[in-house]
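What follows is the residue order along each chain.
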Amino acid sequence: MSVRTPDPYPGWLSNEDLHEARQRLPMLYVEAVPVRLDSLGYVTEIGLLLQASDEGEMVRTFVSGRVMYRETVRAALLRHLEKDLGPLAFPQLPASPVPFTVAEYFPSPSETGLTDDRQHAVALAYVIPVTGECNPRQDALELSWMTPEDALSQAVQSEFIGGRGNLLRQALAHAGWCR
């Protein structure tokens, strides 16, 4: 049984075609770490999604999804932020969509430390301030707002899979949070 979000654009690739493509090509994704900022622009909270893995375990993750054929990175970010956080999240996209890192996921352990059992994926990763009300949708069970200290705690870090805990550390360092 799959708990993944159904593809809202089923004409892009069928499930079978997507499976075949994942076996042969790197897939392009965007990932967004939603944050709340104080009046000086410092990160005060991080929004982490709680989802059920394919194995039925509860895991923490970020807003994430594929970039569709003929879709801009900016449009993909907005689509996935709305899909995962709701239409009233009001994400503040940067004027220039330059990621804080390019994350490379492999189906088996590699030098990047990031894994995705399904595929070789390349994700452009962003820190995105959010100012509105967030209501998780699709396959997210919950959105938890945590302080950076709590998000970096051993307990929360153990809830990430595929090396995403390290990606969170990179996001916070990029945002100037380095305590």
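Residues numbered from 1 in each chain as written. Predicted model: local features only at pLDDT ≥ 70, side-chain atom pairs only at ≥ 80, totals over all residues. Heavy atoms only, no water.

A. Seen up close, the overall build of the chain. Within the chain, the regular secondary structure consists of five helices and seven strands. Going residue by residue from the N terminus, the α and β elements of the chain occur as α-β-β-β-β-α-β-β-β-α-α-α. In terms of overall size, the chain behaves like a compact globule, its C-alpha atoms giving a radius of gyration of 16 Å where 179 residues would be expected to give roughly 16 Å. When its C-alpha atoms are laid out on the principal axes, the chain stretches across 45 × 30 × 30 Å. Across the 179 residues in the chain, those meeting the buried criterion constitute 42%. (Helix = DSSP H or I, 4+ residues; strand = E, 2+ residues; numbered from the N terminus. Rg over C-alpha atoms; globule rule 2.2 N^0.38 Å. Buried < 20%, exposed > 50% of the residue type's maximum accessible area, 1.4 Å probe, protein only.)

B. The arrangement of the pattern of salt bridges in detail. Under the criterion given, the structure shown has six salt bridges. A salt bridge links Arg60 to Glu142; the nearest nitrogen and oxygen atoms lie 3.9 Å apart. Remark: Glu142 occurs in strand β7 (residues 140-146) and Arg60 occurs in strand β3 (residues 58-61); sequence separation between them is 82 residues. Residue Arg60 is classed as buried on the basis of its relative accessible area, which comes to 9%. Taking relative accessible area as the criterion, Glu142 reaches 34% and is therefore assigned partly exposed. Between Asp84 and Lys83 there is a salt bridge whose closest N-O contact spans 3.1 Å. Each member of the salt-bridge network shares a partner with another, and the members are Arg60, Glu142 and Glu159. (Salt bridge = Lys/Arg side-chain N within 4 Å of Asp/Glu carboxyl O.)

C. Quick peek at the nonpolar core. In this structure, Val33, Ile46, Leu48, Phe62, Tyr105 and Leu168 are the most contacted members of the largest nonpolar core, which totals 26 residues. With near-sequence residues (within four places) excluded, Leu48 lies in contact with Arg60, Thr61, Phe62, Glu142, Leu143, Ser144, Met146, Ala151, Val156 and Phe160. (Core = buried A, V, L, I, M, F, W, Y, C linked by side-chain atoms within 4.5 Å. Contact = heavy atoms within 4.5 Å.)

D. Layout of the pairing of strand β1 (residues 27-37). In terms of burial, β1 is largely enclosed, as nine of its eleven residues are buried. Across nine bridges, the pairing between β1 and strand β6 (residues 121-129) is parallel. Residue pairing across strands places Glu31 opposite Ala125, the latter belonging to β6. Here β1 runs beside strand β4 (residues 63-66); their pairing, made up of four bridges, is antiparallel. Bridging from a neighbouring strand, Tyr29 pairs with Arg66 of β4. Turn length for the β1-strand β2 (residues 43-52) hairpin, with the two strands adjacent in sequence and antiparallel, is five residues, and the turn residue Gly41 shows positive phi of about 90°. (Pairing = 2+ DSSP bridges.)

E. The arrangement of the packing of aromatic side chains in detail. Applying the stated criterion across every chain yields a total of one aromatic pair. Note that Arg36 overlies the ring of Trp145, its terminal NZ or CZ placed 4.3 Å from the centroid. (Phe/Tyr/Trp six-rings, centres within 6.5 Å; stacked < 30°, edge-to-face > 60°. Lys NZ or Arg CZ within 6 Å of the ring centre and 35° of its normal.)

F. Layout of the environment of Ala171. The residue Ala171 is located in helix α5 (residues 164-174) in this model. Those residues in contact with Ala171, other than ones at most four positions away along the chain, are Val33, Phe100 and Val127.

G. Focus on unusual backbone geometry. A positive phi is found at Arg70, a non-glycine position, where the angle reads about 70°. Looking at the secondary structure, you find Arg70 in the loop between β4 and α2 (73-85). Residues other than glycine seldom take positive phi values, yet Phe90 does so here, at roughly 55°. As for its position among the elements, Phe90 is in the loop between α2 and β5 (101-105). Overall, the relative accessible area of 45% leaves Phe90 in the partly exposed class.

H. Representation of the pairing of β6. Two strands pair when backbone bridges link them, and β5 and β6 are joined in this way by five bridges, in the antiparallel orientation. Of the residues in β6, the one forming a bridge with Tyr105 is Ala121.

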